Amino acid sequence: MRKLLVCILCLLLCGCGISEKQLEDNFDSLITSIKSENAVETTNKHRTYFDYFLPRNVGKRFSDEENAVFVLGNQQFYMNLDVTDLIVTEYYSPIFSYQQTRLREIKKIGNVVINKSGEMLNSSQEMKKYNVVVTDLSEGEYLVYVQYGDVYFAALSPLAEVENLVYEMFKIGRSVKLEKQEILSAYSNKETVIITQSYDLFEKVFPENGVVYDVLNPSTNINAGDDAGDDIEMSDQIDENDGSENSDE
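Analysis parameters
- Residues numbered from 1 in each chain as written.
- Predicted model: local features only at pLDDT ≥ 70, side-chain atom pairs only at ≥ 80, totals over all residues.
- Heavy atoms only, no water.
- Helix = DSSP H or I, 4+ residues; strand = E, 2+ residues; numbered from the N terminus.
- Buried < 20%, exposed > 50% of the residue type's maximum accessible area, 1.4 Å probe, protein only.
- Contact = heavy atoms within 4.5 Å.
- Areas by Shrake-Rupley, 256 points an atom, 1.4 Å probe, with all protein chains shown as cover.
- Axes fitted to C-alpha atoms, helices over the stretch in contact; angles between N-to-C directions.
- Parallel < 35°, antiparallel > 145°, perpendicular 65-115°, else oblique.
- Nonpolar A, V, L, I, M, F, W, Y, C, P; charged D, E, K, R; others polar.
- Phe/Tyr/Trp six-rings, centres within 6.5 Å; stacked < 30°, edge-to-face > 60°.
- Pairing = 2+ DSSP bridges.
- pLDDT = per-residue confidence, 0-100.
- Core = buried A, V, L, I, M, F, W, Y, C linked by side-chain atoms within 4.5 Å.
- Polar contact = N/O pair within 3.5 Å; in protein donor to acceptor, adjacent residues only side chain to side chain.

**A few points about the overall build of the protein**
Along its length, the protein carries six helices and 13 strands. Taking all 249 residues of the protein together, 41% fall into the buried category. Looking at the protein alone, contacts between residues at least 24 apart form 57% of all its contacts between residues at least 6 apart. Entry remark: accessible area of the protein is about 14,300 Å², with carbon and sulfur atoms responsible for 48%.

In structure tokens:
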């Protein structure tokens, strides 16, 4: 009986691990599975610039108008509204023609394990581009980075949690509904001045994006804002928008 229990325990322990090769082999099936599911059309988190759906099994540790920090099990992951990309696409597409065909390139840190890109429908039935990069940072730590449409996600994670994180990142990302005009009004000042020709004046009032690893690294000192804290808010039910400009109950 003791030998049987030892064998079962060994099987369970072996089953909990996953190799980089196994992750690579499984990843296309994971993306296919995500695509086969309908995007969640309901939103239960409401910010000034965008709304989104937070699954019940994902907690929220912090959020502001462009960012949020979520908790899945023991893993934290980060979501950011890509304001820079949105403004470039809206106002400067003829200049930056690459923006029409692909997302901005991700700065890769560590050895690349996964690098996948494609297109996927969101909750508004719009086809949005995505990019998934997973890199090995050594000592069992992996950087998981997902770009989807106008948002991107990032996390530091053990290899065994990568698939779960990617799944939840896409689930949230596909549900995002933007207040596009609110964003453009808040973050850009674009005018056309006519003298002998037209000039576009653009005032950027948001900070430059840094390296994602610096944001996620616990040793980095980050001022998260007034809404930051150690408490985790779980999404146990659909929250009603109270009609205020910034409701995120």
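Now that the structure has been shown, we can carry on.
**Brief notes about the packing of helix α3 (residues 83-91) against helix α5 (residues 180-187)**
Running from N to C, α3 and α5 point in directions that differ by 95 degrees, and their axes come no closer than 11 Å. Considering their axes alone, α3 and α5 lie roughly perpendicular with respect to each other. On α5, the residues touching V83, L86, I87, E90 and Y91 of α3 are K180, I183, L184 and Y187. Per-class residue counts for the contact of α3 with α5 are seven nonpolar, no polar and two charged.

**Examining the packing of aromatic side chains**
For any two aromatic rings, the description comes down to two numbers: the centre-to-centre distance and the angle of the planes. The tally for this structure, following the rule as stated, stands at seven aromatic pairs. Summarising the aromatic geometry, the rings of Y52 and F70 are spaced 5.8 Å apart at their centres and angled 65 degrees between planes, so their arrangement reads as edge-to-face. You can see Y52 sitting in strand β2 (residues 50-52) and its partner F70 sitting in strand β4 (residues 67-72), a full 18 residues away along the chain. Here Y52 matches F70 in class, with each residue buried. Residues Y145 and Y152 carry aromatic rings whose centres are separated by 5.6 Å and whose planes lie at 10 degrees to one another, so their mutual orientation is stacked. A single burial state applies to Y145 and to Y152, both of which are buried. One aromatic cluster is present, formed by F50, Y52, F70, F77 and F153 through successive ring pairs.

**Notes on the sheet that holds β2**
Across the sheet, three strands lie side by side as β1-β2-β10; this open sheet has antiparallel pairing. Either end of the sheet is taken by a strand with one partner, and the two such strands are β1 (45-46) and β10 (177-178). Where β1 lies against β2, two bridges are found, and the strand directions are antiparallel. By the bridge assignment for β2, H46 is matched with D51.

**Concerning the confidence of the model for the protein**
Taken residue by residue, the protein gives an average pLDDT of 75. The fraction at 70 or more is 65%. By mean pLDDT, the top-scoring element of the protein is helix α4 (residues 162-175) (97), and the lowest-scoring one is strand β12 (residues 198-201) (38). The model gives residues 3-15 a pLDDT under 50, and that stretch makes zero contacts with residues more than four places away or in other chains.

**Here's the deal with the nonpolar core**
Formed by 43 residues in total, the largest nonpolar core has its most connected members in Y52, F70, F77, V166 and F170. A per-element tally of this core places α4 first, with six residues. Within the second largest apolar cluster, eight residues are counted, among which are F62, Y78, Y152 and A154.

**Overview of the pairing of β4**
Burial analysis of β4 places six of its six residues in the buried class, which makes it a mostly covered element. The two faces of β4 match: N67, V69 and V71 on one face and A68, F70 and L72 on the other face are all buried. Bridge analysis of strand β3 (residues 59-63) against β4 gives four bridges, and the strand direction is antiparallel. For F62, the partnering residue across the bridge sits in β4 and is V69. The turn joining β3 and β4, which pair antiparallel and follow one another in sequence, is formed by three residues. Sheet analysis places β4 next to strand β5 (residues 75-81), joined by six bridges and oriented antiparallel.

**Some remarks on the environment of L23**
Along the polypeptide, L23 turns up in helix α2 (residues 20-36). When its relative accessible area of 0% is taken as the criterion, L23 is described as buried. Between the C-alpha atoms of L23 and I114, which are 91 residues apart in sequence, the distance is 8.3 Å. Those residues in contact with L23 that sit more than four places away from it in its chain are I18, V113, I114, L159, V162 and E163.

**A closer look at the side chain of N67**
Take N67: it is sitting in strand β4. Here Y78 takes part through its side chain, which lies 2.9 Å from a polar atom of the side chain of N67. If we ignore the near neighbours within four places in the chain, the residues touching N67 are F62, Y78, M79 and N80.

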